[in-house]
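Remarks on the overall topology
Chain by chain, the residues run as shown.
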Amino acid sequence: MKNVILSICCLALLSSCGDTHELSDEGLLVPLTVMEDASIPSIEINGVRLHSETFGNPSDPMIVVLHGGPGADYRSQLNFKQLVEDDYFIVFYDQRGSGLSERLGKEAYSNVQVYIDELEGVINYYRQNANQKIILAGHSWGAMLATGYINQNPNTIDGVVLAEPGGFTWDQTIEYLSKTQQIKLLEEGTNDFVYLDQFITGSDHNTLDYKFSLSLTGDSNTGDAIIPSYWRFGAVCSSASIELAINNPEQLDFTGSLKTHDQKVLFVYSELNESYGREHAELVSSEYKNVELHEIENCGHEIPEFGWSGYYPIIKTYLEEVL
Amino acid sequence: MKNISIVVILLLLSNIISAQSLNWNSIEQNNSSQVYTNIGYDFGATVQLGYAYKLNFNKPIVLMTDFSIPMGAELNDYKFRIGAQRNIIDRGSFKTSVEYIGVVRRYETNLVRQISIAQMMSITNGWYKDGWHVGIEVGYDSSILSHLKHTEEMQRVYADIQDAWFKNTSAYWYYGLQTSKKIGQRLELNMELGKTNARAQDVDALLPYYFNFGAVVFLN
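Residue numbering note: each chain is counted from 1, following its sequence as written. Think of it this way: whatever chain is written first is A, whatever ligand is written first is 1, and the rest follow in order. Local features in a predicted model are, by the rule used here, given only for residues with pLDDT of at least 70; side-chain atom pairs are given and counted only at 80 or more, and totals for whole chains, interfaces and linings are based on all residues. Computation of side-chain values covers all heavy atoms of the structure but excludes hydrogens and water.

Turning to the overall build of chain B, a few remarks are in order. By the criteria applied, helices consist of DSSP H or I runs no shorter than four residues and strands consist of E runs no shorter than two, each listed in order from the N terminus. Across its full length, chain B holds three helices and ten strands. Shown N-terminal to C-terminal, the secondary structure of chain B runs as helices and strands in the order α-α-β-β-β-β-β-β-β-α-β-β-β. Across the 220 residues of chain B, 52% fall into the buried class. Any two residues having at least one pair of non-hydrogen atoms within 4.5 Å are treated as being in contact. In chain B, the share of contacts with a sequence separation of at least 24, taken over all contacts with a separation of at least 6, comes to 59%. Working definition of accessibility: Shrake-Rupley area with a 1.4 Å probe, residue cover restricted to the visible protein chains. Within the structure as shown, chain B displays about 9700 Å² of accessible surface, and the carbon and sulfur contribution to it stands at 63%. Remark: exposure states derive from per-residue accessible area (1.4 Å probe, protein chains only) relative to the maximum for the residue type, with buried under 20%, exposed over 50%, and partly exposed in between.

Within chain A one finds ten helices and nine strands. Within chain A, the fraction of its 323 residues that count as buried is 56%. Contacts in chain A between residues far apart in sequence, at least 24 positions, make up 76% of those at least 6 positions apart. Total accessible area on chain A is roughly 13000 Å²; 50% of this is exposed by carbon and sulfur atoms.

Here we take up the pattern of salt bridges. Should their charged atoms come close, side chains of opposite charge can pair. Within this document, salt bridges are pairs made up of a side-chain nitrogen of Lys or Arg and a carboxyl oxygen of Asp or Glu, the two lying within 4 Å of each other. Taken as a whole, this structure holds 18 salt bridges over all chains when the rule is applied. Residue Arg81(B) is joined to Asp66(B) by a salt bridge in which the shortest nitrogen-to-oxygen separation is 2.7 Å. Pair noted here: Arg81(B) is in strand E4 (residues 78-91) and Asp66(B) is in strand E3 (residues 61-70), with a separation of 15 residues, a long-range link. Exposure remark for Arg81(B): the relative accessible area of 1% places this residue in the buried category. A salt bridge links Arg106(B) to Glu108(B); the shortest N-O distance between them is 2.8 Å. Arg106(B) gets classed as buried once you look at its relative accessible area, which sits at 16%. Each of the salt bridges in this network shares a partner with another, and the network as a whole consists of Arg103(A), Asp209(A) and Arg232(A).

Attention now moves to the packing of aromatic side chains. Side-chain rings of Phe, Tyr and Trp (the six-membered ring for Trp) are treated as a pair once their centres are within 6.5 Å; stacked means planes under 30 degrees apart, edge-to-face means over 60, and tilted covers the remaining angles. Applying the stated criterion to the full structure yields 23 aromatic pairs over all chains. Seen from their ring centres, Tyr74(A) and Trp231(A) are 4.8 Å apart, and the 80° between their planes marks the pair as edge-to-face. Taken together, the residues span a long stretch of sequence, with Tyr74(A) in the loop between strand E4 (62-66) and strand E5 (89-93) and Trp231(A) in the loop between helix H6 (205-214) and helix H7 (235-247) at a distance of 157 residues. Considered together, Tyr74(A) and Trp231(A) belong to a single accessibility category, that of buried residues. Through pairs of rings, three or more aromatic residues link up here, namely Phe55(A), Tyr74(A), Phe92(A) and Trp231(A). Lysine and arginine charges are scored as sitting over a ring when NZ or CZ, respectively, is within 6 Å of the ring centre and within 35 degrees of the ring normal. The ring centre of Phe199(A) lies 5.9 Å from the NZ or CZ of Arg105(B), which sits over that ring. Directly above the aromatic system of Tyr209(B) lies the positively charged group of Lys195(B), at a separation of 5.7 Å from the ring centroid.

It is worth spelling out the interface of chain B and chain A at this point. Interface size is commonly expressed as the accessible area that is lost once the parts come together. The interface of chain B with chain A comprises 59 residues on the first partner and 43 residues on the second. Around 4300 Å² of area is buried between chain B and chain A when both sides are counted, 62% of it from carbon and sulfur atoms. Between the two partners, chain B and chain A, sit zero salt bridges. Between N or O atoms, a polar contact is any pair within 3.5 Å; within protein, one atom must be a potential hydrogen donor and the other a potential acceptor, and residues adjacent in sequence are included only when both atoms are from side chains. Summed over the shared surface of chain B and chain A, the result is 21 residue pairs in polar contact (both at pLDDT 80 or more). For the side of chain B that touches chain A, the leading source of residues is strand E8 (residues 164-183) of chain B, giving eight residues. For the side of chain B that touches chain A, the per-class residue count stands at 30 nonpolar, 16 polar and 13 charged. Two parts placed together each lose some accessible area under a 1.4 Å probe, and the buried area is that loss summed for both. Gly falls in the polar group here, along with every residue not listed as nonpolar (Ala, Val, Leu, Ile, Met, Phe, Trp, Tyr, Cys, Pro) or charged (Asp, Glu, Lys, Arg).

Looking now at the confidence of the model for chain B. Residues and elements named next belong to chain B. The quantity known as pLDDT measures the predictor's confidence residue by residue, on a range of 0 to 100. Per-residue pLDDT for chain B averages 86, and the proportion of residues at 70 or more is 86%. When mean pLDDT is taken per element in chain B, strand E7 (residues 132-150) scores highest with 96 and helix H1 (residues 2-13) scores lowest with 37. Contacts for the low-pLDDT stretch residues 1-19, under 50 throughout, to residues beyond four places or in other chains number 67 contacts.

Let us now look at the pairing of strand E6 (residues 112-128) of chain B. Residues and elements named next belong to chain B. When strand E5 (residues 94-108) meets E6, the two strands line up antiparallel, connected through 15 bridges. Note that in E6 the partner of Tyr 107 across the bridge is Gln 114. Here E5 folds back onto E6 in antiparallel fashion, the turn holding three residues. For two strands to be treated as a pair, DSSP must find at least two bridges joining them. Of the strand pairs in this sheet, E6 and E7 are connected by 17 bridges, and their pairing is antiparallel. In the sheet register, Met 120 faces E7, and the bridge partner there is Asp 141.

Residue and element names in this part refer to chain A. By the bridge criterion, six bridges tie strand E8 (residues 265-270) to strand E9 (residues 291-296) in an arrangement that is parallel. Each residue of the ladder has a partner; that of Val 268, found in E9, is His 294. In terms of handedness, the path from E8 via helix H8 (residues 277-285) over to E9 forms a crossover that is right-handed. A crossover gets the label right-handed when its path from the first strand over the helix to the second runs clockwise, viewed with the strands pointing away from the viewer.

It is worth spelling out the packing of helix H4 (residues 170-180) of chain A against H8(A) at this point. Residues and elements named next belong to chain A. For every element, the axis is a line fit to its C-alpha atoms; helices are fit only across the contacting stretch, and the angle between N-to-C directions ranges from 0 to 180 degrees. Where H4 contacts H8, the axes come no closer than 11 Å and their chain directions differ by 165°. One way to sum up the angle between H4 and H8 is to call them roughly antiparallel. Note on packing geometry: the crossing formed by H4 with H8 is left-handed. On H8, the residues touching Gln 172, Glu 175 and Tyr 176 of H4 are His 280, Leu 283 and Val 284. Looking at the contact of H4 with H8, its residues break down into three nonpolar, two polar and one charged. In this scheme, roughly parallel covers angles under 35 degrees and roughly antiparallel covers those over 145, while 65 to 115 is roughly perpendicular and the rest are oblique. Handedness of each helix crossing follows the sense of rotation of the near helix against the far helix: counterclockwise by less than a right angle gives left-handed, clockwise gives right-handed.

Let us now look at H8(A). Residue and element names in this part refer to chain A. Residues of H8 that are buried: Gly 277, His 280, Ala 281, Val 284 and Ser 285. In a view along the axis of H8, the buried residues occupy a sector of 120°, so they form one face of it. In this structure, the buried side of H8 is in contact with H4, E8 and E9. Of all possible arcs, the one meant is that of the directions from the helix axis to the C-beta atoms.

All right, on to the nonpolar core then. Counting residues in each nonpolar core, the largest one holds 81 residues, and the members touching the most others are Phe80(A) and Tyr311(A). With residues near it in sequence (within four places) discarded, Tyr311(A) still touches Phe80(A), Val161(A), Leu162(A), Ala163(A), Val268(A), Ile296(A), Ile303(A) and Pro304(A). Here, nonpolar core refers to any group of buried Ala, Val, Leu, Ile, Met, Phe, Trp, Tyr and Cys residues whose side-chain atoms link them within 4.5 Å. Grouped together as the second largest cluster of nonpolar side chains are 39 residues, Tyr195(A), Leu196(A), Ile101(B) and Phe166(B) included.

Here is the structure:
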């Protein structure tokens, strides 16, 4: 009983002293974004401030790297910097509401077109002249976004490097997601995911982004033993985009004009992601007319980070061929 | 005055808890001690074991404590509750009871260990007969204070992440139906089904529902 009373006294003291914080306090649980920290490199595209960096000679062929999610960021894509040695200009950016980019309300993700327009804005921001070669390198959702752009602008992109896009139609995407998101109520991983809801509730971006990061325990069946690198997940971006896809599945169909894109596309999938596999890779990649398909060994879904040693030489060879 | 003192002490001691579905007719007619168990969904598939004790005043107070864990391979998550229920309105078969529970809950993954001190308050209106009852429950659960300690894996994501105490980390309303049916002299089966809503503009839980199926054994 003494211990209980002592605990309550400690609790009362802690509650009243200045050492307690709010989950929403800036910088305590998630890093600051470009809106709070002016030292973070950024650009403004379509009225939204994006975390963005470039490496290499700006007049070299430009590779725009598109991260996954929606809601993830380009920290796990940084291996692409190695292509600077091969005389490419590498452009990274965190999509709206993701990583260290500006946070927005859910209305900012009301259609897929905002992502495509944002990508076009980034290309135009960095492009030196109309003759500069442009390559899109997308991972997962980023590969879907790249395809969405190409579907609207076939034959304007000189090279396309795609790693495990969920699908180019909603049916393909939901088929893949249903394999990766299997809920098993009696397993630790599932309960860790839902049990957290009684510990943290919130409506501000700091709290929601932090809570989202705690759900990334690495307990997935995409073949990755550890959690990929990231700075800060965009929880509102992620949930609003999923809502958008469920309510407007036709917007996730990127195949209308895809067959008119003539250039060869590099498409890779991982050896260890059992939810994907060659069969799904063949199904999705067949939406393109001209595809070079490769399996990347000894890695799961996070190919750009954990499968880079196998991925890099394939990219290099492909780019030498198509440019 | 003595009754009030006990309630005040209980309120001070119990920082966090959740409701136990009680048939006040059974409580008033039966013995002082009971053990209860529940299985269901309460922010995860959970199992719960508890003990309740009736204090006989002009209106009885039921003290209770229980422990629940979510299903899974590791016993690093749990919820411990201690509190009291009291019948405050008694008009024949219609009764109204209030409950205050203190809760300590723990959550641990490869990223964080969180311990929360919380409280639950609820009111239940019900129709209570000798062998059964139905009731409507409305309650509020809020985390008063939580301590977050992050693992090296989380520190690799964000090197400046803080291990610290945080206040008001969660709150949600819960409301639902409860019912019970007595089987013989010593056993009662009960069931709860309800929904949760996070406070104000907070984002709701992924699965904002709870469901419990339980049994109460009257001991002596």
